Amino acid sequence: MNINTLISAKKTIFDEFLRSYLRDAQSDSGVFEAFSYSLQAGGKRFRPVLTMLACEAAGGRETDALPAGLAIEMIHTFSLIHDDLPALDNDDLRRGMPTCHKKFGEATAILAGDALIFQALAVICSSRYPAEVKVDICRTIADVCGTRGLVQGEYEDVMAEGRDLGLARIEDIYTRKTSRLFELCMYAGARVASDDPDLIRQMVAYGTHLGRAFQAVDDILDVTSSRDTLGKSAGKDLIQDKATVVKALGIDKARTWAKSATEQAMNALEGLGAEQTGQLRELAKWMLNRVT
């Protein structure tokens, strides 16, 4: 199947699962309305799709990964809601729609983001996964989101504005703010289907390198694409003087860096069958092709 067709098909499956979840969880809470708005705002659903592909590569079914994918999309959406706030990136557009705080107010947006963290844990705990799988995924969510991962990465990203950092520091920020969530996708998808530690380790390593490549691609597109293409404000990295591989290396060398990270992601899958990992390899190449 063509990779674009594959991504679209899995996105459709996930979006229907999300709609079903929101129907069942319907509430008259303003916080529920706000986070539902942001969850349904669209996007590529890259992380749930990645979770589904990891599950299939580990021998499971794509539908087995849907609760894990939903929990991860909730974590991702929480990070976007908070990232767009005036105190951080101060953005008014996300996925082609007004950001959560522009639509519902800053206080509600903060609380909606907070709520999504706990909703994610609730989704895992109420799933049909075995108890040990639930514990493993919840523990990994906590690790990925805290001071060893996403939140720390966002903090370092903000603190780095206006500073000239070396490439190693930029890579560390990329790993924390982006790769750790990709690692979670690969871990959760694989763990749902398997308890093989070596297989899971390879999947997580793929996520590490793919996440770095993804962030580099995103930063390149911020410079080279338009607001309409991105569905969010373009040129923000330059305005805020963000620490990116584009700033450190320039566009051409940043593309080379993204290509190297993509190759490292695919190399992490060595030893696993081509049929088993073919879709993950194609996904990595598809992502890189957005800027090359």
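As a starting point, this report considers the structure included with it. The structure presented is a predicted model; accordingly, all values stated were derived computationally and were not measured. (Residues numbered from 1 in each chain as written. Predicted model: local features only at pLDDT ≥ 70, side-chain atom pairs only at ≥ 80, totals over all residues. Heavy atoms only, no water.)

Attention now goes to the nonpolar core. With 91 residues, the main nonpolar core has Phe46, Leu50, Tyr206, Leu210, Leu280 and Leu283 as its most contacted residues. Per element, the largest residue contribution to this core is twelve residues, and it comes from helix H9 (residues 167-193). Aside from chain neighbours lying at most four places away, what touches Leu283 is Ile3, Ile7, Phe46, Leu50, Leu53 and Tyr206. (Core = buried A, V, L, I, M, F, W, Y, C linked by side-chain atoms within 4.5 Å. Buried < 20%, exposed > 50% of the residue type's maximum accessible area, 1.4 Å probe, protein only. Helix = DSSP H or I, 4+ residues; strand = E, 2+ residues; numbered from the N terminus. Contact = heavy atoms within 4.5 Å.)

Running from amino to carboxyl end, helix H1 (residues 3-24) crosses helix H4 (residues 66-83) at an angle of 80°, the nearest separation of the two axes being 10 Å. Overall, the two elements H1 and H4 adopt an arrangement that is roughly perpendicular. Contacts between H1 and H4 involve Ile13, Phe14, Phe17, Leu18 and Tyr21 from the former and Leu66, Pro67, Gly69, Leu70, Glu73 and Met74 from the latter. When grouped by side-chain class, the residues that make up the contact of H1 with H4 number nine nonpolar, one polar and one charged. (Axes fitted to C-alpha atoms, helices over the stretch in contact; angles between N-to-C directions. Parallel < 35°, antiparallel > 145°, perpendicular 65-115°, else oblique. Nonpolar A, V, L, I, M, F, W, Y, C, P; charged D, E, K, R; others polar.)

It is worth spelling out the layout of surface pockets at this point. Over the atoms rolls a probe the size of a water molecule, and its path tells where empty space is left. By volume, the second largest pocket is sized at about 210 Å³. Contributing to the lining of the second largest pocket are Phe17, Ser20, Tyr21, Asp24, Ala25, Pro67, Leu70, Val123, Ser126 and Ser127. Going through the elements one at a time, H1 and H4 are the ones with two or more residues in the lining of the second largest pocket. Top contributing element to the lining of the second largest pocket by residue count: H1, with four residues. Considering only residue class, the lining of the second largest pocket consists of six nonpolar, three polar and one charged. (1 Å grid on protein atoms, 1.4 Å probe; cavity = no way out; pocket = protein on both sides within 12 Å on 5 of 7 lines; lining within 4 Å. Points joined across faces, edges and corners; volume = space filled by probe spheres on them.)

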